[in-house]
Structures are given as C-alpha cells and as structure tokens.
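# Observations on the three-dimensional arrangement
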Amino acid sequence: MNTAFSVQSCPVLGICGRSGAGKTTLIEALIPRLRGLGLSVAAVKDGVRQAQVDRPGKDSDRFFAAGADTALFSSEQRFFRSHQSGMGLSALLPSLCAAYDVVVVEGHAATDVPKVWLSGPDNEGPPAYLQGTLLAVLRREEADADRLFSFAQQLIAEKQQQTAVWGCVLIGGQSSRMGQPKHLLQQGGRTWLEGAAEKLSPLVGQLVLSGSGLIPAALADLPRVPDVPGLAGPLAGILAVMRWQPAVSWLVMACDLPDAQPESLRWLLEQRRPGIRAVLPDLNAGGRLEPLLAWYDFRCRALLENIAASGPLRLHRLAEQAGVLRAQPPLHLHGSWRNVNTPEELAGQGGPALSV
C-alpha cells in the first residue's frame, strides 16, 4: 500500500499567455502576497537562455564549466546548476511540491496543472488543448495581482483538504522500569497500544504502527513500519513513516500517553493551515514542546531529515524552524500529554490501576 506523490494534489498555479501578456510582472506582484500569508513559494520560469547564477571565474563556475552539475550553498541562498537537458518541469515539480507550500509556474502551458491564461494586448484566447486545466481566461484589463491572489488562495485551500491524514502510533522499547514494553501494558482490559489505536482510528484514513515488538492479535492486520536504521528515539519512527508514505500528513501518538483524549487529537487537526509544517503543543508557553502527540505535514520531512543528518536527534529542534506552530491547547486537555515512564508516575498522578 502506497500513496504516490501526485503533483495534481499539490497547489501548483500556472500563469500562461503570449509574450507581452504581463506574466512576469503579475507573478512578481503575486509572490509578496503569498509570502505575507507565511507561505513558502517557488517560482518556475520557462524559456530562460544562458542562465547565469554565479560570476565567471569563481570556483563553482569553474566546476560547472568543467562539466559538473554544481550545488552552491550560502547562509541565505541555495542554487543548483545542471547540464542535464532531460531534467524537465515534470521531473522537477514533485520535489518542489514536497518542499514548498505553493509553486507558481510561468509558461509551460502544456504542463498538466491548473492555470490562468492572460490574453494580453491582442486579447488572444488560449489554445484548445488547455481547456481541461484552465481556471480562468483574463483579458488585460482583468489581470491583476489581487485576482491571481484569489485564485491561488482557493487552490491552496482546496489542495490542503485533499491531503490525506494518517495516524501513527509509536511503539516504545522494552521499558525495564515498567517491567515490560509499555505498549503492552494493560488498563481496563486492553493494552495501551490498543487504546491509542482506538482513539486515532476514527480521525485518520489509515492507522500505522511504527517500531518493533510484539503486538496484540487484534492489531495484527495494521501496517507496521520499522524504525529508520541508525537513528534512535521517536525521530526514528516518525521519519520512517514519512519516508514510507511521502504524500500524507501524520497525526502521531506515542503509546505511553494513556490519558490522551480524542478531543486533543481533534484540536491538533483544527490547528492545521497552509504554511504550517507541524503542530507541536507548548502546554505552558515556556518553550517545552510536546512532539509525541502532534501533527506533521509531509513538508516537515525535510526538517526532520536535516535533524537526522546533523544531530543531536531531538525533535525539540523543530522549534527553531519556520512553519512549526507552537500552540497551547486548552487547559482541560493538558493531561493528554502526560507521559508515563514508571508505575509510580502512573499511580502518583491518580491514574487507574496498572496490570503487568
């Protein structure tokens, strides 16, 4: 089972028209409006000749002139120069959609994405083959940045609704302090793992177990994803499911949160909006984030990959990243994030009797 990454499910807006129709000027005016919403924006330009992104004679330019595809990095900018003529827009769009909230494409009229046609000074209509992808045909006096902004907002909202939400239960380790793996501890005649699955299932399209270990027979049919080799802690489990299914967003719940309430899960989903990569609760607004009962957009994967590559492997480092919402849940829901590591913690907080 795999949800293939589809450009058609992402907000890509094409701006097409004959030369002189004003495409570049309108896109230039549209971008700040989108950025003002907190969205990351990628713009793709068609028909560029002899693009120059580095000064002749610089080291990276010499590498490129010698025949290598070259990546340029600075603290503020990134460039990639490629000689590969086969690296067309159809190959580029999926990687852009996986990283950006919206992609604006100038030209590329034949590419199968929603698009607006600008008639230009001669009021020339679009080619017949565009009819299936056209959002609108705008005469010159109708084409302005505000109108394009409205089209873009509608498209972004529509595509966000199309993104599937799946649930992930993180299975813990052996937990010597509890006497056995925490996901197999029982309360009320069922394991903590079964309790977590029961709470998540009604709110997600598919439930997945992340991690290793024995599971109750009642959950044997659920998909299971092993942790990423070489990583430790919850990052290994969350990144594993995001690599496995790169086109869905994830409602994540650790197995050792026995007091988690379904209302807390619904609250997490209500915080989603375009531009948000993850919703990580900050119960007391003190900077301590709760990544083990949280929501992660598929675009958060790049942030997690960076953490995995650079260390330390702490999800709290997401707090430093743009697009991560540090939200405060209502006070009556705070108990949902109470992590239990010992029998004393469970009993000391007034929890129900624990069966081992």
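My aim in this report is to walk through the structure given alongside it, one point at a time. In this text the structure is predicted, and so the values were computed from the model without any measurement. (Residues numbered from 1 in each chain as written. Predicted model: local features only at pLDDT ≥ 70, side-chain atom pairs only at ≥ 80, totals over all residues. Heavy atoms only, no water.)

Let's shift gears to the pattern of salt bridges. Applying the stated criterion across every chain, the model contains 14 salt bridges. Of the charged contacts, one joins Glu142 and Arg139 as a salt bridge, the two residues approaching to 3.2 Å between their closest N and O atoms. Given the relative accessible area of 22%, Glu142 is considered partly exposed. The residue Arg243 makes a salt bridge to Glu305 at a minimum N-O spacing of 2.9 Å. Here Arg243 is found in helix α6 (residues 234-244), whereas its partner Glu305 is found in helix α8 (residues 301-310), with 62 residues between them in sequence. Look at the salt bridges and you will find they share partners, linking Asp101, Arg277, Asp297 and Arg299 into a network. (Salt bridge = Lys/Arg side-chain N within 4 Å of Asp/Glu carboxyl O. Buried < 20%, exposed > 50% of the residue type's maximum accessible area, 1.4 Å probe, protein only. Helix = DSSP H or I, 4+ residues; strand = E, 2+ residues; numbered from the N terminus.)

When you tally the buried positions in helix α5 (residues 192-200), you get seven out of nine residues, the bulk of the element. Looking at α5, one finds that the buried residues are Trp192, Leu193, Gly195, Ala196, Ala197, Lys199 and Leu200.

With that settled, the discussion passes to the packing of helix α1 (residues 23-35) against helix α4 (residues 145-162). At a closest axis distance of 9 Å, the pairing of α1 and α4 adopts a crossing angle of 55°. Here α1 lies oblique to α4, going by the angle between them. Note that α1 runs across α4; the crossing there is right-handed. Here Leu26, Ala29, Leu30, Arg33 and Leu34 of α1 lie close against α4, whose contacting residues are Ala145, Asp146, Leu148, Phe149, Ala152 and Ile156. Residue composition of the contact of α1 with α4, by class: nine nonpolar, no polar and two charged. (Axes fitted to C-alpha atoms, helices over the stretch in contact; angles between N-to-C directions. Parallel < 35°, antiparallel > 145°, perpendicular 65-115°, else oblique. Left-handed = near helix turned anticlockwise from the far one by under 90°. Contact = heavy atoms within 4.5 Å. Nonpolar A, V, L, I, M, F, W, Y, C, P; charged D, E, K, R; others polar.)

In this section: the environment of Gly233. Within the secondary structure layout, Gly233 lies in the loop between β12 (224-225) and α6. Residue Gly233 is classed as partly exposed on the basis of its relative accessible area of 48%. Separated by 61 residues in the primary sequence, Gly233 and Gly172 have C-alpha atoms spaced 8.6 Å apart.

A few words now on unusual backbone geometry. The phi angle at Asn123 is positive, at roughly 50°, despite the residue not being glycine. Examined against the element boundaries, Asn123 turns out to sit in the loop between β6 (115-118) and β7 (134-138). Unusually for a residue other than glycine, Ala285 sits at a positive phi of about 55°. Topologically, Ala285 is positioned in the loop between β14 (278-279) and β15 (293-296).

Within the open sheet, the seven strands sit side by side as β12-β11-β8-β13-β15-β14-β16. Their pairing is mixed. The sheet is open, and its two borders are formed by β12 and β16 (324-325), each paired with just one other strand. Bridge analysis of β14 against β16 gives two bridges, and the strand direction is parallel. Bridge pairing links Ala278 to Val324 in β16. Against the sheet, helix α7 (residues 262-270) touches β8 (165-170), β13 (249-254), β14 and β15, its axis set at about 30° to β15. (Pairing = 2+ DSSP bridges.)

As a further point, take the side chain of Gln271. For Gln271, the position within the fold is in the loop between α7 and β14. Judged by relative accessible area, which is 19%, Gln271 ranks as buried. Reaching out from Gln271, the side chain makes a polar contact with the backbone oxygen of Trp267 at a distance of 2.9 Å. If we ignore the near neighbours within four places in the chain, the residues touching Gln271 are Val279 and Leu325. (Polar contact = N/O pair within 3.5 Å; in protein donor to acceptor, adjacent residues only side chain to side chain.)

Here five strands make up an open sheet; going across it, the order is β2-β5-β1-β6-β7 and the pairing parallel. Only two strands of the sheet have a single partner each, and these edge strands are β2 (41-45) and β7. Pairwise comparison of adjacent strand axes, ignoring direction, gives a mean angle of 15° for this sheet. As judged from the four bridges shared by β6 and β7, these two strands associate in the parallel manner. By the bridge assignment for β7, Trp117 is matched with Val137. The strands that α1 touches are β1 (12-17), β2, β5 (102-106) and β6; relative to β5, the one it contacts most, it runs at about 170°.

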